[in-house]
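Spelled out from the first residue to the last, the chains are:
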Amino acid sequence: MGCIENKSKPAESVVKDGIDFNAYDVMEPRFPLKTPVERRNGRHVKNNDVPPQGVYLPNNNYLTPYMQSPEYVQLSTAAAITLGVMGGRMHRCECTRCLNLLLTYPEGCRANCAYCGLARHREADRDYADRNFIRVDWPAVPMADIVDIVSRDAENSPFHRMCISMITHPRSEDDTFTVLKQWTDRIDPAAIPVSILSNPTTMTRQDVQRTRDLGADIFTVALDAATPEVFDRTRGKGVQSPHKWSKYWEILQDARDIFGPQKFGAHIIVGMGETEYEVLNLVQELVDLGGHSHMFCFFPEQGSLMDHLPATPRDQWRRVQLARYLIDYRGVRVDQMRFDDLGRVKSYGIADAELSDIIDEGIAFRTSGCPGKFAEDISACDRPYGDSPPSNIASYPFQPKKKDIRKIRRQLDIPVRVE
Ligand code: SF4
């Protein structure tokens, strides 16, 4: 079966001395090694100069064609299956509701984030278009083909949203504008709204405004790290990467001003060394600004500088998932919650019966992200198995069933409800 499950096995969760979370001291990335000159900046792909022919399915045994945005973009495996440009089926999902696009260049992303499969240090062993990212392959497809297919019947498209993921590259802004315009020229953003997953490092306030003017609906910042220390260690100086916490916040504030309430947000990865108290304070800060948080459970991406580290234990993840949902969508404040002296959630600030109903609804445990057409608190961006294998789901890309809720309750250490 062409399931999108990647063959890599997750590392075991750490439950040591009663500590059931990924502590800062444990989550130290490897230092990147030097890349040989002949592999730098996509030289390998440029020198081979193989002309692209339609869809390219990543395969490290083939010479990678010379493809680049804005003519080409990469799609998540789930989006490529749903669009019909590749075969395969997904575990317990018919399709994805978000068409995730990723800009692509032979040089790839010029940043070096420790948890990311697209990071620059990987040019030593894998061409950009062949790299796994959030556990799956990303086929490369001509942008014109994507627009042709979706524009045939945008109103009835399986996609409830499109999202352009920028990367760190000198052409990233201009090509984002071109791809966005190519889409909104042919597809009404009211039928399929567009989100921008930004790369603040090379952006200005004018760039943020331009994405709004060209028809984007929501603007998000991939903050990823929950504290300045974790940020610097995983995406800044710690790994020879150019990002700065302050610049990310500057662009986040610009997005708030330009896109307005509920139309901006930040991505956060849980379990890279922050405490539950720290990440939930960040969630509260975003809500107080008028935005949302979109969460990912840390998974040791194969080939990344953190692939030797443990995935976030499910109990840590479930506590944060539930608390984040209460803050983001149920009006509970972080200061109503209680934490132990290791920063773990001890109580959620609402009555047990109400908490129990919210757990049983299951929405809190679905993948979080920009909304689609079902409900404000149900993400179109369901990213099937982007942060876990199907055998031990972190973010549910579908509505959890009773058996899933029973498992979630065990992970939360909240007794199974007897009706
Ligand atoms: S900027 Fe984004 S794509 Fe580039 S290495 Fe960092 S997380 Fe990955």
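See the structure printed just above.
Remember, it's a predicted structure, so these values are computed and weren't measured experimentally.

Colleague: Describe the overall build of the chain, naming the residues involved and giving the relevant values.
Modeller: For the chain, the count of helices and strands is eleven helices and ten strands. For 419 residues, the compact-globule estimate of 2.2 N^0.38 gives 22 Å, and the chain sits close to it at 20 Å. When the backbone C-alpha atoms are referred to their principal axes, the chain occupies close to 60 × 50 × 45 Å. The 419 residues of the chain split such that 51% are buried. Sequence-distant contacts in the chain: of pairs separated by 6 or more residues, those separated by 24 or more amount to 75%.

Colleague: An account of the site of the ligand is requested, with residue identities and associated values reported.
Modeller: The ligand sits among Cys 109, Ala 111, Cys 113, Cys 116, Leu 118, Ala 119, Ile 167, Thr 168, Asn 199 and Ala 222. Broken down by class, the residue content of the shell around the ligand amounts to eight nonpolar, two polar and no charged.

Colleague: An account of the nonpolar core is requested, with residue identities and associated values reported.
Modeller: Counting residues in each nonpolar core, the largest one holds 113 residues, and the members touching the most others are Leu 101, Ile 268, Val 270 and Ala 323. The element best represented in this core is helix 9 (residues 314-329), accounting for seven residues. What Val 270 contacts, discounting residues up to four positions off in sequence, is Val 279, Met 295, Phe 296, Cys 297, Phe 298, Thr 312, Trp 317 and Val 320.

Colleague: Please set out the packing of helix 9 against helix 11 (residues 402-412) residue by residue, giving values where relevant.
Modeller: Close contact between helix 9 and helix 11 brings their axes to 8 Å; oriented N to C, the two are set at 105°. Overall, the two elements helix 9 and helix 11 adopt an arrangement that is roughly perpendicular. Of the residues in helix 11, those touching helix 9 at Arg 314, Asp 315, Arg 318, Arg 319 and Leu 322 are Ile 408, Gln 411 and Leu 412. When the residues that make up the contact of helix 9 with helix 11 are grouped by side-chain class, the tally is three nonpolar, one polar and four charged.

Colleague: Describe the sheet that holds strand 2 (residues 98-103), with residues and values.
Modeller: Read from one edge to the other, the open sheet built from eight strands follows the order 3-1-2-4-5-6-7-8, with strand pairing classed as mixed. The sheet terminates laterally at strand 3 (140-142) and strand 8 (292-297), the two strands that pair on one side only. Pairs of neighbouring strands in the sheet enclose a mean axial angle of 30°, with direction left out of account. Sheet analysis places strand 7 (residues 264-270) next to strand 8, joined by six bridges and oriented parallel.

Colleague: Any details on the pairing of strand 7? Residues and values, ideally.
Modeller: On a regular strand, each side chain points to the face opposite its neighbour's, so the side chains alternate between the two faces of the sheet. Counting buried residues in strand 7 gives six out of seven residues, a clear majority hidden from the surface. One ladder, built from four bridges, connects strand 6 (residues 218-224) with strand 7; its direction is parallel. What sits directly across from Thr 220, in strand 7, is Gly 265. Note on the crossover from strand 7 through helix 8 (residues 276-289) to strand 8: the handedness is right-handed.

Colleague: A description of helix 8 should follow, citing residues and the corresponding values.
Modeller: With 14 residues, helix 8 should reach 20 Å at 1.5 Å per residue; the first-to-last C-alpha distance of 20 Å fits that figure. Those residues of helix 8 not exposed but buried are Glu 276, Val 279, Leu 280, Leu 282, Val 283, Gln 284, Leu 286 and Val 287. A positive backbone phi angle near 105° is found at Gly 290, which sits one or two residues after helix 8.

Reading the values: the criteria
- Residues numbered from 1 in each chain as written.
- Predicted model: local features only at pLDDT ≥ 70, side-chain atom pairs only at ≥ 80, totals over all residues.
- Helix = DSSP H or I, 4+ residues; strand = E, 2+ residues; numbered from the N terminus.
- Rg over C-alpha atoms; globule rule 2.2 N^0.38 Å.
- Buried ≥ 20, exposed ≤ 12 C-beta atoms within 10 Å, placed from the backbone.
- Contact = placed C-beta atoms within 7 Å.
- Near = placed C-beta within 6 Å.
- Nonpolar A, V, L, I, M, F, W, Y, C, P; charged D, E, K, R; others polar.
- Core = buried A, V, L, I, M, F, W, Y, C linked by C-beta atoms within 7 Å.
- Axes fitted to C-alpha atoms, helices over the stretch in contact; angles between N-to-C directions.
- Parallel < 35°, antiparallel > 145°, perpendicular 65-115°, else oblique.
- Pairing = 2+ DSSP bridges.
- Right-handed = clockwise from strand over helix to strand, strands pointing away.
- Expected span 1.5 Å × (residues − 1).

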